[in-house]
Amino acid sequence: QVQLVESGGGLVQAGGSLRLSCAGSGRTFGTYAMGWFRQPPGKEREFVAAISANGASTDYADSVKGRFTISRDYKNTVDLQMSSLKIEDTAVYYCAADSYILRPPTRADRTYNYWGQGTQVTVSS
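Presented here is a report on the structure given in the accompanying data block. (Residues numbered from 1 in each chain as written. Predicted model: local features only at pLDDT ≥ 70, side-chain atom pairs only at ≥ 80, totals over all residues. Heavy atoms only, no water.)

**Digging into the state of the cysteines**
- Applying the stated rule across the entire model yields one disulfide.
- Here Cys-22 pairs with Cys-95 through a disulfide, and the sulfurs are 1.9 Å apart. As the torsion about the S-S bond is roughly 45 degrees, the Cys-22-Cys-95 disulfide counts as right-handed. Separated by 73 residues along the polypeptide, Cys-22 in strand E3 (residues 18–25) and Cys-95 in strand E9 (residues 91–98) bring together distant segments of the chain. Neither Cys-22 nor Cys-95 differs from the other in exposure class; each is buried. (Disulfide = S-S within 2.5 Å. Helix = DSSP H or I, 4+ residues; strand = E, 2+ residues; numbered from the N terminus. Buried < 20%, exposed > 50% of the residue type's maximum accessible area, 1.4 Å probe, protein only.)

This is the structure in structure tokens:
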């Protein structure tokens, strides 16, 4: 059974940092791009960041560029380091695995076929 499990969410003050981790099992994710998405309260899910299979290529939403860093260990773990957090970063964060081997990282959630259950990140003032 293929699973993605996120961890590291929680409550943090604005300006603080959090590190999210996503651990995959049931498949070798090292040859697939991975992504992070989030769903703010009352809003649709949106792209946050993505990383290629070899980690050489990354992409970020404009809203998080320069504050968030996506990384992976070339096996089954992908992390999202979040710094200078803002209240508007409050959301449920999901990691996802691409459905097609060695495809460059994409922003379209329809290209990802495995999703974690999500982890809540709440940024307070």
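**Things to note about the sheet that holds strand E7 (residues 68–72)**
- With antiparallel pairing, the four strands of this open sheet are ordered in space as E1-E3-E8-E7. Both outer strands of the open sheet, strand E1 (3–7) and E7, are each paired with one neighbouring strand and no more. With strand direction ignored, the average angle separating the axes of adjacent strands in the sheet is 15 degrees.
- For E3 and strand E8 (residues 77–82), the ladder comprises six bridges, and the chain directions are antiparallel. Bridging across to E8, Leu-18 finds its partner in Met-82. (Pairing = 2+ DSSP bridges. Axes fitted to C-alpha atoms, helices over the stretch in contact; angles between N-to-C directions.)

**Observations regarding the packing of aromatic side chains**
- A complete count under the given rule lists five aromatic pairs for this structure.
- With 5.2 Å between their ring centres and 75 degrees between their planes, Phe-37 and Tyr-112 make a pair best called edge-to-face. Note that Phe-37 is positioned in strand E4 (residues 34–39) and Tyr-112 in strand E10 (residues 112–115), a separation of 75 residues in sequence. With respect to burial, Phe-37 and Tyr-112 carry one shared label: buried.
- Through a chain of ring-to-ring contacts, the aromatic side chains of Phe-37, Phe-47, Tyr-112 and Trp-115 assemble into a single cluster.
- Lying over the aromatic face of Tyr-32, Arg-27 brings its terminal NZ or CZ to 3.6 Å of the ring centre.
- Sitting above the plane of the Trp-115 ring, Arg-45 keeps its charged end 3.8 Å from the centroid. (Phe/Tyr/Trp six-rings, centres within 6.5 Å; stacked < 30°, edge-to-face > 60°. Lys NZ or Arg CZ within 6 Å of the ring centre and 35° of its normal.)

**Observations concerning unusual backbone geometry**
- A positive phi angle, close to 50 degrees, is found at Ser-84, a residue other than glycine.
- In this structure, Ser-84 sits in the loop between E8 and E9.
- Overall, Ser-84 belongs to the partly exposed group, its relative accessible area being 42%.
- We note that Leu-102 has phi near 60 degrees; this positive angle belongs to a residue other than glycine.
- Inspection of the secondary structure assignment puts Leu-102 in the loop between E9 and E10.
- Residue Leu-102 is classed as exposed on the basis of its relative accessible area, which comes to 60%.

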